[in-house]
Amino acid sequence: MKALDVVGAAKEYGSLRALGGVDLAVEEGEFFALLGPNGAGKTTLISALAGLLRLSAGRIKVMGHDVVDDYRNARRMVGVVPQELVFDPFFTVREVLRIQSGYFGLRNNDDWIDELLANLDLSAKANANMRQLSGGMKRRVLVAQSLVHKPPLIVLDEPTAGVDVELRQGLWTFIRSLNQRGHTILLTTHYLEEAQMLCNRIAMLKAGRVVALDRTENLLRAAEGRTLRLKIEGALPPGIPAPEHEGDWLVWASDSYEVLSDRLAAVRGAGVKVLEFEVGQPDLERVFVEVMRRAA
């Protein structure tokens, strides 16, 4: 069974097309990234799978349950961490999580709530009013809210926006552990290094359409832009192809490691002393820019 099955998802607001026929399947247990520039349709798609808006065409199923025809069961299968810091200012953190549990008919859920508080470093704030929390703390509570009913599909919409580095690392450690327990994770983020580090597969959206979809390593392997960077003592002798200059670094770029290896061998063969060298591989940011440029 697929954790998420999207077929022909389209959404229009008058003449504005937010989604233009998205097909997407996420398998159970995957850590999946949904990337795209602002306005690409990511939040629209997430809102549709969470039942917050109706598609103009197409369908979405969560763990086999249609989000329209079987919305009660579909809603139980998913936990969404929204971009916006939405909170009730009149309750403590523990009260918020107990109330959220009640929405799913869960009583005596304090053991799991305590585990969430501990893993999200919120135990010390359990009895603090939501108004007293920093923005990063509020975002942690949103993550906890999305997890109180132990959903098999967890949707993280920019979960680390405005979050400090220490919390970000702790959050990802916890989310990884949930993924290892079998939870499916769907992530949107503008921190592309997070997606590269965490996600098995990546889909990229532009203008409401999927413009790239593959395993992370395949996207990186197909990208252009491998580089050889050298710092040398003295000047580069003639006969070696001219590099670019980045400060003290000499930089050659190629799609082929063999070409870059030949450049390094030529420099060393000419008797030049190499002080430092680096071989750079394409990162997801470069892949993303290339895909968006081609899609345009």
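Residues numbered from 1 in each chain as written. Predicted model: local features only at pLDDT ≥ 70, side-chain atom pairs only at ≥ 80, totals over all residues. Heavy atoms only, no water.

### Let's talk about the sheet that holds strand β11 (residues 226-233)
1) Next: One open sheet holds the four strands; their spatial order is β12-β13-β11-β14, and the pairing between them is antiparallel. Of all strands in the sheet, those with a lone pairing partner are β12 (244-246) and β14 (273-280), marking the two edges. Pairs of neighbouring strands in the sheet enclose a mean axial angle of 30 degrees, with direction left out of account.
2) Next: Where helix α9 (residues 257-269) meets the sheet, it contacts β11, β13 (249-254) and β14, and its direction lies at approximately 10 degrees from that of β11. (Pairing = 2+ DSSP bridges. Helix = DSSP H or I, 4+ residues; strand = E, 2+ residues; numbered from the N terminus. Axes fitted to C-alpha atoms, helices over the stretch in contact; angles between N-to-C directions. Contact = heavy atoms within 4.5 Å.)

### Observations concerning the nonpolar core
For soluble globular proteins, the rule of thumb is that nonpolar side chains tend to be buried together.
1) Next: The biggest cluster of nonpolar side chains holds 47 residues, and the ones touching the most others in it are L35, M204 and L284.
2) Next: Here L284 is in contact with L35, L192, A195, Q196, I202, M204 and L220, once residues within four sequence places are set aside.
3) Next: Ranked by size, the runner-up nonpolar core spans 27 residues in total, among them A40, I46, V155 and L186. (Core = buried A, V, L, I, M, F, W, Y, C linked by side-chain atoms within 4.5 Å. Buried < 20%, exposed > 50% of the residue type's maximum accessible area, 1.4 Å probe, protein only.)

### A look at the packing of helix α3 (residues 93-103) against helix α4 (residues 110-119)
1) Next: Orientation of α3 relative to α4, taken along the N-to-C sense of each, is 130 degrees, at an axis distance of 11 Å. As far as their axial angle goes, α4 and α3 are oblique. Here α3 and α4 pass one another in a crossing that is right-handed. For the pair formed by α3 and α4, the contact residues are V93, R94, L97, R98 and S101 on the first element and D110, I113, D114 and L117 on the second.
2) Next: A breakdown of the residues in the contact of α3 with α4 according to their chemical character gives four nonpolar, one polar and four charged. (Parallel < 35°, antiparallel > 145°, perpendicular 65-115°, else oblique. Left-handed = near helix turned anticlockwise from the far one by under 90°. Nonpolar A, V, L, I, M, F, W, Y, C, P; charged D, E, K, R; others polar.)

### Quick word on the domain arrangement of the chain
Reports of interface size often rely on the accessible area that becomes lost once the parts have come together.
1) Next: Here the chain is described as being made up of domain 1 (2-220) and domain 2 (224-281).
2) Next: Taking only C-alpha atoms, the centre of domain 1 and the centre of domain 2 are 44 Å apart. (Domains from an automatic or database assignment.)

### Some details on the packing of aromatic side chains
1) Next: Taken as a whole and assessed by the stated rule, the structure comprises one aromatic pair.
2) Next: A ring pair is formed by F31 and W172, whose centres lie 6.4 Å apart and whose planes are at 55 degrees; its orientation type is tilted. Here F31 is found in strand β3 (residues 31-35), whereas its partner W172 is found in helix α6 (residues 165-180), with 141 residues between them in sequence.
3) Next: On the basis of relative accessibility, which here comes to 2%, the residue F31 falls in the buried class.
4) Next: Note that K11 overlies the ring of Y13, its terminal NZ or CZ placed 5.1 Å from the centroid.
5) Next: The residue whose ring lies beneath R229 is W249, and the NZ or CZ to ring-centre distance is 4.6 Å. (Phe/Tyr/Trp six-rings, centres within 6.5 Å; stacked < 30°, edge-to-face > 60°. Lys NZ or Arg CZ within 6 Å of the ring centre and 35° of its normal.)

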